[in-house]
Number of protein chains: 4
Amino acid sequence: MFTEIKGLNEECGVFAVWGHKEAAQITYYGLHSLQHRGQEGAGIVVSDGNKLSAHKGLGLVNDVFNQDVLRNLQGKGAIGHVRYATAGGGGYANVQPLYFNSQKGGLAIAHNGNLVNANHLKHQLEAQGSIFQSTSDTEVLAHLIKRSGYYTLEEQLKNGLSSLKGAYAFAVMNERQLMVALDPNGLRPLSIGRLGDAYVVASETCAFDIIGATYEREVMPGELLIIDDTGLRSERFVSPGNRAICSMEYVYFARPDSNVDTINIHTARKNLGKQLAIEAPVEADVVTGVPDSSISAAIGYAEQSGIPYELGMIKNRYVGRTFIQPSQELREQGVKMKLSPVRGVVEGKRVVMIDDSIVRGTTSRRIVHMLRDAGAAEVHVRISSPPIKHPCFYGIDTSTTEELIASNHSIEEMREIMGADSLAFLSTEGLKAGIGRSEAMHNCGQCLACFTGEYPTEIYADTVHPHAKV
Amino acid sequence: MFTEIKGLNEECGVFAVWGHKEAAQITYYGLHSLQHRGQEGAGIVVSDGNKLSAHKGLGLVNDVFNQDVLRNLQGKGAIGHVRYATAGGGGYANVQPLYFNSQKGGLAIAHNGNLVNANHLKHQLEAQGSIFQSTSDTEVLAHLIKRSGYYTLEEQLKNGLSSLKGAYAFAVMNERQLMVALDPNGLRPLSIGRLGDAYVVASETCAFDIIGATYEREVMPGELLIIDDTGLRSERFVSPGNRAICSMEYVYFARPDSNVDTINIHTARKNLGKQLAIEAPVEADVVTGVPDSSISAAIGYAEQSGIPYELGMIKNRYVGRTFIQPSQELREQGVKMKLSPVRGVVEGKRVVMIDDSIVRGTTSRRIVHMLRDAGAAEVHVRISSPPIKHPCFYGIDTSTTEELIASNHSIEEMREIMGADSLAFLSTEGLKAGIGRSEAMHNCGQCLACFTGEYPTEIYADTVHPHAKV
Amino acid sequence: MFTEIKGLNEECGVFAVWGHKEAAQITYYGLHSLQHRGQEGAGIVVSDGNKLSAHKGLGLVNDVFNQDVLRNLQGKGAIGHVRYATAGGGGYANVQPLYFNSQKGGLAIAHNGNLVNANHLKHQLEAQGSIFQSTSDTEVLAHLIKRSGYYTLEEQLKNGLSSLKGAYAFAVMNERQLMVALDPNGLRPLSIGRLGDAYVVASETCAFDIIGATYEREVMPGELLIIDDTGLRSERFVSPGNRAICSMEYVYFARPDSNVDTINIHTARKNLGKQLAIEAPVEADVVTGVPDSSISAAIGYAEQSGIPYELGMIKNRYVGRTFIQPSQELREQGVKMKLSPVRGVVEGKRVVMIDDSIVRGTTSRRIVHMLRDAGAAEVHVRISSPPIKHPCFYGIDTSTTEELIASNHSIEEMREIMGADSLAFLSTEGLKAGIGRSEAMHNCGQCLACFTGEYPTEIYADTVHPHAKV
Amino acid sequence: MFTEIKGLNEECGVFAVWGHKEAAQITYYGLHSLQHRGQEGAGIVVSDGNKLSAHKGLGLVNDVFNQDVLRNLQGKGAIGHVRYATAGGGGYANVQPLYFNSQKGGLAIAHNGNLVNANHLKHQLEAQGSIFQSTSDTEVLAHLIKRSGYYTLEEQLKNGLSSLKGAYAFAVMNERQLMVALDPNGLRPLSIGRLGDAYVVASETCAFDIIGATYEREVMPGELLIIDDTGLRSERFVSPGNRAICSMEYVYFARPDSNVDTINIHTARKNLGKQLAIEAPVEADVVTGVPDSSISAAIGYAEQSGIPYELGMIKNRYVGRTFIQPSQELREQGVKMKLSPVRGVVEGKRVVMIDDSIVRGTTSRRIVHMLRDAGAAEVHVRISSPPIKHPCFYGIDTSTTEELIASNHSIEEMREIMGADSLAFLSTEGLKAGIGRSEAMHNCGQCLACFTGEYPTEIYADTVHPHAKV
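Here the structure is a predicted model, which is why all the values come from computation and not from measurement.

**Some points on the sheet that holds strand E2 (residues 41-47) of chain C**
Residue and element names in this part refer to chain C.
- Strands sit in the order E3-E2-E4-E1-E10-E9-E11 across an open sheet of seven strands; the sheet is antiparallel. Lying at the two open borders of the sheet, with one neighbouring strand each, are strand E3 (52-58) and strand E11 (214-218). Going from strand to strand, the sheet's axes swing by 15° on average, the running direction of each strand aside.
- With four bridges connecting them, strand E1 (residues 12-18) and strand E10 (residues 198-202) associate as antiparallel partners. Paired with Val 17 across the strands is Val 200, a residue of E10.
- Against the sheet, helix H1 (residues 23-33) touches E1, E2, strand E4 (77-83), strand E9 (191-195) and E10, its axis set at about 25° to E4.

Written as structure tokens, this is what we have:
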């Protein structure tokens, strides 16, 4: 329910609206639909045209906001943020939107992504006397804005963005304007929609569906949108690079009902499953998927292969953050936590277990054993993406290279570690074909760095892996 | 996540264990897997052989228990309970297990079901000077036990049970013994398992899987089990009636990974879906199910019909009890709550929407409209059970007859109210065939009262519908 | 602030009102003024003429009640209770008023005092099948009422009270009537007042002052008051015994602004101090009292002796229940907790330290040392009551005989244990003279049992000392 | 209990320690004894020599800290702060110590006082790109330190302090050093003590008594103390001005057991009361003081005049921040809140009511009426300080000039407003004589600005009155 079951976590979700008299409420529902992108903290800053008001806190959107809080957030513009749960992430001070006050007015910033040169910039700024409130890379942009020497937020922001490298989807707001910017490679998704006369912006289009908004288009790489009471204006702050949208959004992160760059996620995943059935067929009795993210791929695999799709395991929806971990002794006695096998389905059967990706391999291993304990005759593991061999520096909390199982083992070794009867991954070509960007669109690039090691931007010696402790 | 999306709610879940040194921990995990049966409150009473200790509270299992609380519940025997959320349900005092102390020792009772003669018995007992602590029908049994005039709990309990009528699965515990009893018709499910040397009892077998226990057998109608340090002993307190286990457990309540009377729930539901495809076929492009309970039936319908199964709607998992309801205005603007359509899947398609049952019909109506708004060309509603026309007095919180849509409208009228292109229900014969009890077992009866109005027990003029306000 | 600094604690405070449209609010303020009589829990039950509503909880009145809760307690009659903090006191279930529901209606009971035959009665009732909800002696009265066989609450209550022995001030309420009863010896204080047309009843008259009510008279020993919409009626349920009101109410428990049996507490204490100065004079430079309860006596001693009264020590008002105890090491380094000496006042001075009573002697010892450490040249301890040598069975949580220092040591031994330069107690005759009941009133008896061992009622072998664990 | 009953509030209390292995615990107890100086928030920052750790929060010291929190604050040095409750005070971000992190290390600042040129400085700093985290004037010093261009904290701090004007007692700490600075006029109190080998610093000496420390001396105006593992070093960062310690510390703020500049507060107040009895005698039966701050003056008045001192009113200790205000209707019916009269003491008597100061006069008026309602024959108000006619800019939250009753009314008008039989204030000369600084010490100046309007520092057009909204 609250967290997916593997060590692969999205950084954040961003939502913004301008021109709606219940901007905070709209943002609240938008953040709800983006909750899967981050569960550590949530926040909303609103503008009523004259002043900003903010509320944020640790926990889920539901924990942080209540009716009274929302009522006090009156305004026509709002930006909101959900943040991914990290161990050393600095707690409350790092919950976004970051919010700054001065005698001249307020400033709020929400960010999805990761800056690869944040440490360099922070060093320079502190040497000049700037005091940082958080340990988040996002705050660097605030100081760049304040020190730019320009007068308008638009100039200040363009100036600040020109120093940044890496992946970013920013929503920035002062009393009078909402601005939205995407990095030159468009590494993170960001879409624009309309809700009546209002403009809305969100990391995923599922946020439009929940509030009844209409999808307009994607924010373009290197584009800066300025939205205010006069409407929306598009600017370029940099010439666009090659589009390199994160492949893992399609494979794992985004909600099945979202479209990323006009491609529906459920459909993409089902196609990945079909592609996988073509590339790596197997004789079996049932196909099952690891809930929730691998269900679509499993359905695709079943449809292509003709093997019936079944619920082979169940996710315990009530395992939240306050769940008490079983003792080692009870765990050895067989106490389960996040997943239960459906004995009535797998007993005596040859099972194809579809998972969307493998990071450290420990979860897959546990699931294979669980299925065997429940009586599965054979367990064939099929992964609907290529092996992850390289760390991500753009906002995905993959493990370090040492921890990535595919970085240190052959497929046969992995199969043996997991205890599976067979193991196969989708090929990179199969991934591209399954997602289908090349056929669907003009600027069809996508980031495959975690599979191939080819990073679309520079990486520095001290680039901080997201959520490493600062 | 927290509640299913229709007005049909299970009363409770019961779990018990005797002979395990971490009885409270085991019960905690067992209750977790039964959380879908009740979210209002949860409680555990343990016995260490000399005294009982109790903890209970309003909310989910995770809200009520933490590490410290569990550590203080030391004992070898335990009974636990999750309770369904009701409006007028008396709050904390009604959270079970009910727990009573006297100079002679303690007594704890957990109950799933509903007594049809509770009001009569309570009237008699109060007239004789008994003071009730709760408004729950369960407490009647405690007073009957205390006033029986017998010395041993076994005799007291047999005497007490002989006055009860209706549906009940009881777990009763004092310092030295755990007792478990099922009503003469076996209206509610109750299974026995082993965990090492310990005995475990649960409303559903999924509780055995989560703790690594082995299924032994069902508790029999009219059976009283006495479990203590000398082992398990089976007694009869009444001659068994016809088995009449609740059909809705198969259709809707139980978890897909549970087996009820040895029949797997997911498989039963998939068979109901197949049966439905045979009885009520339709030309269409995609099959989709209302999450979570109708997914299995939808897969079955798809498999039988050859129409692809797709994720046509998504459940918002983070809509909990603290979720802020959208204002009427926002709702009209299209703000969704529990379900979102997957536009990319249904747009331009002829959709078969599988639901497991219809109570008031308002949810189905909302879903049909939501699918149409998302672009569905046609919406064909197929229900994997017969129309519910009669109230349940055995522990299911169906609406009153006035509110049951099928009790007041023809199928064509219902179709029109819902705005569907076509509507069909499974037949009663199809239901029986799909579940498959007749082929699978000796005492194969099941309660079909909500479909047929034929109640397996007496019903009195003042029989309290569960959760009517007392 | 929250607790006095010695091991001598009042059981409870009772408040009741009938005939005021904001009965709950009035009771809330009344309980506030009685908060010093009990800090474990608080509760209010109201009647609107047709039904009772209740709210209670653990903690201070301020912790338990808020604006919303009070608003929901609509009614014209109310009884309220504050309960003293005990270790083994059974928690929430024992918080009063006890509140019982039946098909015939509700019943609420609040009690100050202690029943000496509660154990006998409870044994009998349980043997007949009654189930107790709490471990409090108060609940015995509820079961006696329910089993009386009479029809009206007045008859039921008279019948029930006739079985009770010990100290009690009861407020009992159903939907239509408020009843108030005092034990035959009048061991506990209970006063009647008027607030407009409404009647109010309280353990202390300070509750009348805070709500602006007018004092009428004391409830008489053995009197039963029936208050309803027709007014107040006085009945006798037993012939009155000798008045034996608790002397410690004058010495220590009651608030200085209360009058007990028409005698002002501050004035009584000041007179005890004067009397003490006459009986036990000493040459000294300053008189100081242990805050808060001994201030009045210290002022009296100063006035009589001509030695200036000074603030020789200060109570730390912010030491609440969540205060973190200093480690043994820090304590040895001199970390103080509840009291600080005023070095500027006591340094180099001969100090008379007035305390109102001594229970275990540990606090007095600590204070003497603290004053010496702060530079006092001499410390002369004067106690404004006689030595406490016998346990109380009437609702005061004195220690057992073994722990009472005066029960096991001569005055000279006590002086040495405390490290004082001199020590003197007030005589029993001085106590009676100082309080001045004999001159002031007709039925002038008072309970001196803790000083003399002469108990005004029977005491049984198994009489439970208040707050011994049941 | 939690707040005094007039509109006159201290800003803050500061505590610091270096060289004690339980620095956080020591600071916790120190802050407890300073709790009367601020109840909005509390915080502690510790240094273990290598890094700083912080914890702070809104509420009382007891609310903010618990055993677990303190255990996690390991270190040998600590600074702590309690903050006064303000309406527009910015909430959590303004709770002190302010705490800043950079790649070079941490910095913590705690402040008692008010800077009269904070607005000017903040304007300059923001224009240069500094981002403020709080709305507190204290943060100005942090930015001055970071922008100083010096390398050591000592140089940075001296440089920063040289820009400040107004009243300040600062405690500043990094990983290796604790520094303490007092403004050139010494407007706020700050004392040094020893606890074994450790140094302690506190706003009041009562903090030394509670932890068992020994008083050493006052921090001097314009003195900078550097405390580290090598000991304590005294520096001057500015030539000292005339000592101008706040007179209201003696009259009202400080705890009776503190010594301010070696003068005991209780003794000073008693002398003010004696002086008042000489200057403004009256024929009466009893003397009583408004609790708690006027008790000492009342005792002095009684001793000098020979009229007996009595408890004429009682403070309700349980009226905390969650207390529910009585409705207007109940208030008119006589419901009291913070003070109750002692009817048994004042009825029929001529009462001298001693108060230490008058700000808006509303409380005094209420008390006079309350005493009359309780039957007082005459009420003579005597104030143990001169009329407050001018606002304070140095950290005391007096009202604005418009609200100061003495600024707009003659004494006779005030008497009539209050409804007193007579009213008299102490003279400024009487105040100086009563406090006795002139006889007691060399640099004997004191700030009398609120009585005389003669401010010891410059005041700017935009000097922010403490707690005006920024």
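Having seen it, we continue.
**Here's the deal with the UniProt feature "binding site: [4Fe-4S] cluster" (unreviewed entry) in chain A**
Residues and elements named next belong to chain A.
- Under the local residue numbering, the UniProt record ascribes the feature "binding site: [4Fe-4S] cluster" (unreviewed entry) to Cys 246, Cys 392, Cys 447 and Cys 450. Taken together, the annotated residues stretch across 205 residues yet fold into one region, lying no more than 10.1 Å apart by C-alpha.
- Locating Cys 246 in the fold gives a position in strand E14 (residues 245-246).
- Judged by the 28 C-beta atoms lying within 10 Å of it, Cys 246 is buried.
- Tracing the chain through its elements places Cys 450 in helix H18 (residues 449-452).

**What about the interface of chain A and chain B?**
- The interface is formed by 53 residues belonging to chain A together with 53 residues belonging to chain B.
- Of all the secondary structure elements, the ones that give two or more residues to the side of chain A that touches chain B are helix H1 (23-33), helix H2 (61-64), helix H3 (67-72), helix H7 (206-211), helix H9 (265-279), helix H10 (295-305), strand E19 (339-341) and helix H12 (343-346) of chain A.

**Overview of the relation of the copies chain A and chain D**
- Each copy superposes on the other: chain A lies on chain D with an RMSD of 0.1 Å after a rotation of 180° and an axial shift of 0.0 Å. These values place the two chain copies in the arrangement generated by a two-fold rotation axis. Of every C-alpha in chain A, the one belonging to A:Ser130 sits nearest the axis of rotation, 2.9 Å from it.
- With an isologous cut-off of 70% or more, the 100% of interface residues of chain A that recur at the interface of chain D puts this contact in the isologous class.

**Section: the sheet that holds strand E7 (residues 166-173) of chain C**
All names here are of chain C.
- Taken together, the six strands give an open sheet; going across it, the order is E5-E6-E7-E8-E12-E13, and neighbouring strands pair in antiparallel fashion. Each edge of the open sheet carries a strand with a single partner, namely strand E5 (98-102) and strand E13 (231-236). Neighbour to neighbour, the strand axes of the sheet diverge by 20° on average, direction disregarded.
- Packing against the sheet, helix H6 (residues 153-161) makes contact with E7, strand E8 (178-182) and strand E12 (223-228), and its axis sits at approximately 20° to E8.

**A word on the interface of chain A and chain D**
- With 17 residues of chain A at the interface, the matching set in chain D holds 17 residues.
- Elements that contribute at least two residues to the side of chain A that touches chain D include exactly strand E5 (98-102), helix H4 (118-127) and helix H5 (139-146) of chain A.
- Each residue belonging to the side of chain A that touches chain D can be placed in one class, and the counts come to four nonpolar, eight polar and five charged.

**Digging into the arrangement of the chains**
- If you take every C-alpha in chain A and every C-alpha in chain C, the smallest gap between them is 14 Å, and the two do not touch.
- Spatially, chain B and chain D are disjoint, and the shortest separation between their C-alpha atoms is 15 Å.

**With respect to the packing of helix H9 (residues 265-279) of chain C against helix H10 (residues 295-305) of chain C**
Residue and element names in this part refer to chain C.
- Viewed as axis vectors pointing N to C, H9 and H10 meet at an angle of 45°, and their least axial separation amounts to 6 Å. Between H9 and H10, the crossing angle belongs to the class labelled oblique. Of the two possible hands of crossing, H9 and H10 adopt the one that is right-handed. Packed against H9, whose contacting residues are His 266, Arg 269, Lys 270, Asn 271, Leu 272, Gly 273, Lys 274, Leu 276, Ala 277 and Ile 278, the element H10 presents Ser 296, Ala 297, Ala 298, Ile 299, Gly 300, Tyr 301, Glu 303, Gln 304 and Ser 305 at the interface.

Rules and cut-offs
Residues numbered from 1 in each chain as written. Chains lettered and ligands numbered in written order. Predicted model: local features only at pLDDT ≥ 70, side-chain atom pairs only at ≥ 80, totals over all residues. Pairing = 2+ DSSP bridges. Helix = DSSP H or I, 4+ residues; strand = E, 2+ residues; numbered from the N terminus. Axes fitted to C-alpha atoms, helices over the stretch in contact; angles between N-to-C directions. Contact = placed C-beta atoms within 7 Å. UniProt positions renumbered as here; feature names shortened; annotations may be inferred. Buried ≥ 20, exposed ≤ 12 C-beta atoms within 10 Å, placed from the backbone. Least-squares fit on C-alpha atoms with pLDDT ≥ 70 in both. Nonpolar A, V, L, I, M, F, W, Y, C, P; charged D, E, K, R; others polar. Parallel < 35°, antiparallel > 145°, perpendicular 65-115°, else oblique. Left-handed = near helix turned anticlockwise from the far one by under 90°.

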